[in-house]
There are 2 protein chains.
Amino acid sequence: MKIILDAMGGDNAPLEIVKGGLAGGRRWGADIVFTGDESAIREALCACGHGEVPAGVEIAATSQTVDMCDDPATVFRRKKDTSMGVGLTMLREGGGDAFVSAGSTGALLTGATLITKRIHGIRRAAMAPVIPTTTGQAVLIDCGANAECTPEYLVQFAYLGDFYARQVLGLKSPRVGLLNIGAEDSKGTDLQKQTLARLREAAAAGHMNFIGNIEAKEAIKGGCDVIVTDGFSGNILLKSMEGVGSFAGTALKKMFKKNLLTKLAALAVMPGLNEFKGRLDPNKVGGTAFIGISKPVIKAHGASNAEAIENAVGQAAAFARSGLIEKIEENIDLMKIEQ
Amino acid sequence: MKIILDAMGGDNAPLEIVKGGLAGGRRWGADIVFTGDESAIREALCACGHGEVPAGVEIAATSQTVDMCDDPATVFRRKKDTSMGVGLTMLREGGGDAFVSAGSTGALLTGATLITKRIHGIRRAAMAPVIPTTTGQAVLIDCGANAECTPEYLVQFAYLGDFYARQVLGLKSPRVGLLNIGAEDSKGTDLQKQTLARLREAAAAGHMNFIGNIEAKEAIKGGCDVIVTDGFSGNILLKSMEGVGSFAGTALKKMFKKNLLTKLAALAVMPGLNEFKGRLDPNKVGGTAFIGISKPVIKAHGASNAEAIENAVGQAAAFARSGLIEKIEENIDLMKIEQ
């Protein structure tokens, strides 16, 4: 198992990336290839106590970096030697089993599509984070890669999310729900109504455990294992969760700081609070899988620290070992619907 | 000031509606007209200690009720004498200054549009709850009345929300934001891009304090006072907030129940916790205003108790006193955009 890591992507590159990559490689039994500026990577290795490049680690030297201000649509044509572009090319050519980057989401998505390419027959790759719910977790697909969608895209997302939940999360029969503004069949726009009909057919044919429409509230309460939606609504759901999380955090902090008694109370519930915060912490979750690309690509949070990168490496290795891409390729005929 | 109240709508009708209506009438200095089954209303008045119909209260007797299973599109044609339909007709004909119902949202919206009618020039009425944010509150418009929208609808929602924030919430120069999946102008679908351009023009002409695109997370953190969006995304945002609120509530409860120490801790922070819960409690907020209808219509939560109805009556009275509808009528020319 060899994971390619964009050493230059994210707010804390390259030190935290290198630190997390080394830890992840050890923990998950994977070799690591760092792409990026060689001297900066060597310096970071040094800071981690490695005067030389250690065993199981390689450097693929590049001279450029994708910046946050670069236009995703043109950056790989303008800059031929970026840590992200070179990593995605290596991945395509078999120089590694998965690629992880904490760099620009838009550039990574464009690069994955243009350089590493989609699985043949897949219309659009989707971003599919695993989000916490009251009772466990759920795959949210898509969460922002495709603002505008057709019923065919959504049907494909449903299969992609279903296979991800089976192969990577180990669920036997994931409950797939279509995000909507009510549970009734008549709810939503034409996009939801047409997708609902297609997914009901898939369920009737025994291809999927489709449970119908689901409201955001019920989905977050744990009402399904795969939440299927267009990238616009998925992003609103995800960012709303983050917003309320931050809102609740601020309110709780204020509440516990009120007086001596509440400060003592805070000590008593600290372990529980930390456990709850941990469930919502993107550093613990790792990253967001791009599903539909012909090789595993993981987007780590831009603010990733070493722990987040370590977890993203684990997620990338699990994705690569899961057989997910083969499973999608075998079942691609199910995902073709007439326009 | 006279508020018409649908005594038969909602899970706790008619007792809690009558109780809340009486309290609201006293508290906000308004006369109350209850529409619905006369004997049921009299019985509820009796249970509130009124053997006779008290001063400032009237009953408009009706023989039918809009049920949750009734098709909103046809119910007012099939049932001519419902508590909701009669109330909306009274409102149109000047028999009261505002109408409050905790009944079916879809029926109330259809009835308000078909019976009470939209303001001339307004394309679609919107549902605009005031939601809590980290720093205060914001008007969310639309939150579910219109799943499918055009740029013109959204431009109108922006003005409607802006005027509501000025006239009813008393803000001098509300910050109006367009809900989107990123702050950059290039984000979102054609709907957002075209709306953004129109609202920038409105801002340039000095008609509105438009701050551009806003992400759900930033909106919930308090980044704007009016969140403009289509009813689909608005509903996802609102229901996500409710979902995470319930999620956090469950997690906190579990945390505080762990052992004797955490139970004592719960006592110490109870006032703060209750204050936080109160900010998110729909019973404290009152209801959701329908904006764009020619008279004030307020949808109270289906699960409304007396306190919720009391607050909804206050909100209805504030809406009726605000001059909002006149303000919209005066400025209707600003809201007409060419297709």
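Computed from a prediction, not measured in an experiment: that's the story for all the values here. (Residues numbered from 1 in each chain as written. Chains lettered and ligands numbered in written order. Predicted model: local features only at pLDDT ≥ 70, side-chain atom pairs only at ≥ 80, totals over all residues. Heavy atoms only, no water.)

**Remarks on the relation of the copies chain A and chain B**
Put simply, the two copies of the chain differ by a rotation about an axis and a shift along that axis.
Working step 1: Its rotation angle being 180°, the transformation that places chain A on chain B also includes 0.0 Å of axial translation and leaves an RMSD of 0.1 Å. Interpreted geometrically, this transformation is the action of a two-fold axis. The C-alpha atom lying nearest the rotation axis in chain A is that of A:Ala265; the distance is 2.0 Å. (Least-squares fit on C-alpha atoms with pLDDT ≥ 70 in both.)

**Here's the deal with the pattern of salt bridges**
Working step 1: Throughout the structure, instances matching the rule amount to 30 salt bridges over all chains.
Working step 2: B:Lys336 serves as the salt-bridge partner of B:Asp333, at 3.6 Å between the closest nitrogen and oxygen.
Working step 3: Overlapping salt bridges, with partners in common, bring together A:Asp67, A:Asp70, A:Arg78 and A:Lys79 in one network. (Salt bridge = Lys/Arg side-chain N within 4 Å of Asp/Glu carboxyl O.)

**Regarding a positive patch on the surface**
All names here are of chain A.
Working step 1: A contiguous patch of positive charge on the surface is contributed by Lys253, Lys257, Lys263 and Lys277.
Working step 2: Topologically, Lys257 is positioned in the loop between helix H9 (231-256) and helix H10 (260-280).
Working step 3: Accessibility expressed as a relative area gives 57% for Lys257, which makes it exposed. (Patch = residues over 30% accessible without salt bridge, like charges linked within 9 Å, V, L, I, M, F, W, Y side chains within 5 Å. Areas by Shrake-Rupley, 256 points an atom, 1.4 Å probe, with all protein chains shown as cover. Lys, Arg positive; Asp, Glu negative; His and termini not counted. Charge placed at Lys NZ, Arg CZ, Asp CG, Glu CD. Helix = DSSP H or I, 4+ residues; strand = E, 2+ residues; numbered from the N terminus. Buried < 20%, exposed > 50% of the residue type's maximum accessible area, 1.4 Å probe, protein only.)

**Some thoughts on the sheet that holds strand S11 (residues 287-291) of chain B**
The pairing of strands in a sheet happens through backbone hydrogen bonds and is either parallel or antiparallel.
Residue and element names in this part refer to chain B.
Working step 1: A sheet is described by the order of its strands in space; here seven strands give the open sequence S3-S2-S1-S4-S12-S11-S5, paired in mixed fashion. Only two strands of the sheet have a single neighbouring strand rather than two, namely strand S3 (57-61) and strand S5 (126-128). Sheet twist, expressed as the average angle between the axes of neighbouring strands with direction ignored, equals 25°.
Working step 2: Here S5 pairs with S11 via three bridges, running antiparallel. Bridging from a neighbouring strand, Met127 pairs with Phe290 of S11.
Working step 3: Its contacts with the sheet place helix H1 (residues 15-28) against strand S1 (2-6), strand S2 (31-36) and S3, and it is angled at close to 165° to S2. (Pairing = 2+ DSSP bridges. Axes fitted to C-alpha atoms, helices over the stretch in contact; angles between N-to-C directions. Contact = heavy atoms within 4.5 Å.)

**Section: the packing of helix H6 (residues 151-167) of chain B against helix H7 (residues 190-204) of chain B**
Residue and element names in this part refer to chain B.
Working step 1: Where H6 contacts H7, the two axes come as close as 9 Å, and the packing angle between them is 45°. Regarding the angle of H6 to H7, the classification is oblique. The chirality of how H6 crosses H7 is right-handed. Along its contact with H6, which presents Pro151, Leu154, Val155, Ala158 and Tyr159, the element H7 presents Leu191, Gln194, Thr195, Arg198, Leu199 and Ala202.
Working step 2: Within the contact of H6 with H7, the residues separate by chemical class into eight nonpolar, two polar and one charged. (Parallel < 35°, antiparallel > 145°, perpendicular 65-115°, else oblique. Left-handed = near helix turned anticlockwise from the far one by under 90°. Nonpolar A, V, L, I, M, F, W, Y, C, P; charged D, E, K, R; others polar.)

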